[in-house]
Amino acid sequence: MCEDEDMVCLQRLQRLAPVAVRRLIRCNQIAVRNTSGFADGFNQANIVILHKSLAEDFEKFCHANSGPLPLLYRSAPGEWSSPPLTSDSDIRTDCLAYRKYENGKFTENLSSLKGYSEQLKDMVTFYLGCSFSFESAMQKVGVPVRNVEQKCNVSMYKTAVPCFSVASFGCPLVVTMRPVPEDKLDAAVGATHPTAHGAPVHIGSPDFLGIKNLSTPDFGDPVQPHPGDVPVFWACGVTGVEAVSSCKSPLAFTHSPGAMFITDIKNLDTPAHHLEGAHLVHRISTSPLHYSIAMPQVAEKIRTLEAVIGADPGGRGVKHLFVKDELLKACLSLSHATSVLITTGFPTHFKENPPEETDGPPGAIAMAAMLQALGKDVSIVTDRRALDMNQSIIENAVQEDVLKAAVPLLFYQHEDEKSALRFLCKDGDPASPRFQHLVAIERAGMAADGNYYNARKINIKHLVDPIDELFLVADTIPGVTTTGIGDGGNELGMGKVKDAVKKHIAGGDVIACDVAADFAITTGVSNWGGYAVACGLYLLNTCEMHERYLRKAIGLPSLSQEVVWRKALPSISKEDKMLSILVRHGVRSGKTGTLGMEVDGLPFYDAHSSVIQKLLDVSSEGLSGSS
């Protein structure tokens, strides 16, 4: 029997049992137009009602996009109750508001579906998980929920991210946004990770999702952030509403966004115990603001890789240049990039032909191999004078199965002040970058006086093209990040640690590179840094949490590609082949000038081979270094 009283306040609705809330909704006794905070501690559901002829395809669409569309229950045709979810419910009356669609067009808001009871006999109801269900979990770990505080609906946005299409169902991902204080990001991810929609699909600037203006949501209300809040986006069940539009069914119904169906199922209202207090979120860019996530054990493995390559066999003082987590952040940033430009080449042997050394190219090729396996576009830019040699080296690397496919080889020349911008961006437009990440590994870097120096303080500028300009201009292009890998401080990108170079590296006051990268990976031998990046990328992409975040929780997991990724890892045999190729081309060891199986004065066996094996041991148990 309906309660015969005034409209019920939100505070009471939070404390009421789900069945009581549904009865109040059924009797139109609630003035609030969204169910955020209702029946605190119980799951809420998005609703999609379709003709039975579309049910199979829509269920497949849900399974293929389980992040936004976690399927809680699919009814039989004409079934108005939902036995697994509730003991007493009627889908015709138990949502605060409904939307009617005809031929894919939204035509009417409804307060009840009772007038369509006859049509509903041939229709199937899908109950889909809702992000309102995890709001109490966030609050319990101290994360403020701004839409609840402001007594408004959550903000919902259509994105430019396409869902995985099935038959006639195809639409963009819809997300909810909740502003979260930066120091609460880890807690927000940990609290929502085990829930229906799971962890966030993006943290940071809305531009990455194609959202133009947070103040004008497509559904719901604008939620006001507090100072220091970061926009956090979760996959949203309103994606189902968009899917209904895409299928152009003659008749369909959904809940009105924010006016959810309340179930009797209790929330999983505590974070997964293994994530409590864990560091899950890492900032990888400030302008635009961009964060990534990874499981703590994966991040720790990458830190172990960083420790392995931090050895200083030459005693040059590299440990003083170390910046913690630069490898992790560089790998996270590279993992998000779809197009990568790599540069290498240090002509330290200025009296030889060729003047290059064996440190750099193997690490560059190792990174390129992994980036290729991950499906990214990768190119290499080098000095024009060395173009033919490097082209031959790449061809040999493919022939000997070090690389699966040839990497496009480019060169850069300074013509005018816009040359670098034209090289990096389509039509010189900063809004259309060709590369999202630039990596320099053992690449001669420009010193403060505009010259380029080898470790013996000899100026080799006449042998070096001004590729540094690309890194300087990249710093002005939103969304483009850079990494420098070096072992002496005179390499491109090491400008980030130039003060330490000047203080701790012999001749550092002269040779220190003045051009900084966003991430500076210092290592005992630069090739080791390239190997470590390849291993770090492998670890991240085999991390379920990170992999899901990359694909925005839509489509099917790409972890089936792990065998391909594993084969792309550096190995002792591949690096032996790569070094042999360089020797055949007359490339010499950097420190001694030896033409043989040596890098920076260290023999490949057992100095470099043992480092490679250590990196592989960290990356993958049981993986043979000789494979």
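Structure's up top.
Cut-offs and rules
Residues numbered from 1 in each chain as written. Predicted model: local features only at pLDDT ≥ 70, side-chain atom pairs only at ≥ 80, totals over all residues. Heavy atoms only, no water. Helix = DSSP H or I, 4+ residues; strand = E, 2+ residues; numbered from the N terminus. Rg over C-alpha atoms; globule rule 2.2 N^0.38 Å. Buried < 20%, exposed > 50% of the residue type's maximum accessible area, 1.4 Å probe, protein only. Contact = heavy atoms within 4.5 Å. Axes fitted to C-alpha atoms, helices over the stretch in contact; angles between N-to-C directions. Parallel < 35°, antiparallel > 145°, perpendicular 65-115°, else oblique. Left-handed = near helix turned anticlockwise from the far one by under 90°. Nonpolar A, V, L, I, M, F, W, Y, C, P; charged D, E, K, R; others polar. Lys, Arg positive; Asp, Glu negative; His and termini not counted. Salt bridge = Lys/Arg side-chain N within 4 Å of Asp/Glu carboxyl O. Pairing = 2+ DSSP bridges. Core = buried A, V, L, I, M, F, W, Y, C linked by side-chain atoms within 4.5 Å. Phe/Tyr/Trp six-rings, centres within 6.5 Å; stacked < 30°, edge-to-face > 60°. Lys NZ or Arg CZ within 6 Å of the ring centre and 35° of its normal.

1. A word on the overall build of the protein chain
Piece 1. Within the protein chain one finds 21 helices and 22 strands.
Piece 2. A compact globule built from 627 residues should have a C-alpha radius of gyration of about 25 Å, and the protein chain, at 28 Å, falls within 12% of that.
Piece 3. With the C-alpha coordinates of the protein chain rotated into their principal frame, the extents come out at 95 × 50 × 45 Å.
Piece 4. Scored against the burial criterion, the 627 residues of the protein chain give a buried share of 60%.
Piece 5. For the protein chain, restricting intrachain contacts to residue pairs at least 6 apart in sequence, the fraction spanning at least 24 positions comes to 75%.

2. A word on the packing of helix H11 (residues 361-373) against helix H20 (residues 572-584)
Piece 1. For the pair H11 and H20, the least separation of the axes is 10 Å and the interaxial angle reads 135°. The angle between H11 and H20 places the two elements in the oblique class. For the element pair H11 and H20, the recorded crossing hand is right-handed. Of H20, the residues touching H11 (which contributes Pro361, Pro362, Ile365 and Ala366) are Glu575, Met578 and Leu582.
Piece 2. Across the contact of H11 with H20, the residue classes tally to six nonpolar, no polar and one charged.

3. Some points on the side chain of Glu575
Piece 1. Inspection of the secondary structure puts Glu575 in helix H20.
Piece 2. Lys574 provides the closest opposite charge to the buried, salt-bridge-free Glu575, at an N-O distance of 6.1 Å.
Piece 3. Once you skip the residues sitting within four places of it in the chain, Glu575 turns out to touch Pro362, Ala366, Tyr531, Pro570, Phe604 and Ile612.

4. Considering the pattern of salt bridges
Two side chains of opposite charge can pair, provided their charged atoms sit close to one another.
Piece 1. By the definition in use, this model includes 32 salt bridges.
Piece 2. The partner of Lys52 in a salt bridge is Asp122, with the nearest N and O atoms 3.5 Å apart. Placement of Lys52 in the loop between strand S1 (42-51) and helix H3 (55-64) and of Asp122 in the loop between helix H4 (117-120) and strand S5 (123-129) is noted, with a sequence separation of 70 residues between them.
Piece 3. You can call Lys52 partly exposed: its relative accessible area is 42%.
Piece 4. Across the pair Arg443 and Asp383 runs a salt bridge whose closest N-O atoms are separated by 2.7 Å. Of the two residues, Arg443 sits in strand S18 (residues 437-443) while Asp383 sits in the loop between strand S16 (377-382) and helix H12 (387-399), which places them 60 residues apart along the sequence.
Piece 5. Exposure remark for Arg443: the relative accessible area of 0% places this residue in the buried category.
Piece 6. Taking relative accessible area as the criterion, Asp383 reaches 0% and is therefore assigned buried.
Piece 7. Salt bridges sharing partners connect three or more residues here, namely Arg23, Arg26, Asp88 and Asp94.

5. Looking at the sheet that holds strand S15 (residues 339-345)
Piece 1. Pairing in this open sheet of six strands is parallel, and the strands run S17-S16-S15-S18-S19-S20 from one edge to the other. Edge strands, defined here as strands with exactly one partner in the open sheet, are strand S17 (409-411) and strand S20 (519-522). Taking the axes of each pair of neighbouring strands and ignoring which way they run, one obtains an average angle of 25° across the sheet.
Piece 2. Relative to S17, S16 runs parallel, the two being bridged by three bridges. Bridge pairing in S17 places Thr382 opposite Phe411.
Piece 3. The sheet strands contacting helix H17 (residues 526-541) are S18, strand S19 (481-486) and S20, and the helix crosses S19 at an angle near 135°.

6. Considerations on the pairing of S20
Piece 1. Taking every second residue as pointing to the same face, both faces of S20 are buried, with Phe519 and Ile521 on one and Ala520 and Thr522 on the other.
Piece 2. One ladder, built from four bridges, connects S19 with S20; its direction is parallel. In the strand pairing of S20, Gly484 is matched with Ala520.

7. Some points on the nonpolar core
Piece 1. Counting residues in hydrophobic clusters, the biggest one holds 97 residues, and the most contacted among them are Met138, Ile203, Ile342, Met370, Val533 and Leu615.
Piece 2. Top element by residues in this core is H17. It accounts for 10 residues.
Piece 3. Formed by 43 residues, the second largest nonpolar core is a distinct cluster that contains Phe58, Tyr101, Cys130 and Phe219.

8. Examining the packing of aromatic side chains
Piece 1. Counted by the stated rule, this structure contains 12 aromatic pairs.
Piece 2. For the ring pair Phe134 and Trp234, a centre distance of 5.1 Å and an interplane angle of 45° mean the geometry is tilted. A residue pair is termed long-range when its members are at least 10 positions apart, and Phe134 in the loop between S5 and helix H5 (135-140) and Trp234 in strand S10 (residues 229-235) qualify at 100 residues. Assigned by exposure class, Phe134 and Trp234 land together as buried.
Piece 3. Ring pairing ties together the aromatic residues Phe58, Phe61, Phe126 and Phe169, which thus form one cluster.
Piece 4. Stacked on the ring of Trp80, the Lys or Arg Arg92 has its end atom at 3.7 Å from the ring centre.
Piece 5. Just above the ring of Phe106 sits the side chain of Arg99; from NZ or CZ to the centre is 4.0 Å.

9. With respect to the pairing of S5
Piece 1. With seven of seven residues buried, S5 lies mostly within the body of the structure.
Piece 2. Note: S1 against S5, seven bridges, orientation antiparallel. Bridging from a neighbouring strand, Asn46 pairs with Leu128 of S5.
Piece 3. Bridging between strand S2 (residues 71-74) and S5 involves three bridges; their strand directions are antiparallel. Bridge pairing in S5 links Arg74 to Phe126.

10. A look at unusual backbone geometry
Piece 1. A cis amide bond links Ser287 with the next residue in sequence, Pro288, at an omega value of 0°.
Piece 2. By the element assignment, Pro288 lies in the loop between strand S13 (281-286) and strand S14 (289-293).
Piece 3. The omega torsion of the bond from Asn353 to Pro354 falls at 5°, within 30 degrees of zero and hence cis.
Piece 4. Its identity as a non-glycine residue notwithstanding, Asn28 has a phi of 60°, on the positive side.
Piece 5. Inspection of the secondary structure puts Asn28 in the loop between helix H2 (18-26) and S1.
Piece 6. Phi is positive for Asp427, close to 55°, though the residue is something other than glycine.
Piece 7. Mapped onto the fold, Asp427 is located in the loop between helix H13 (419-424) and S18.

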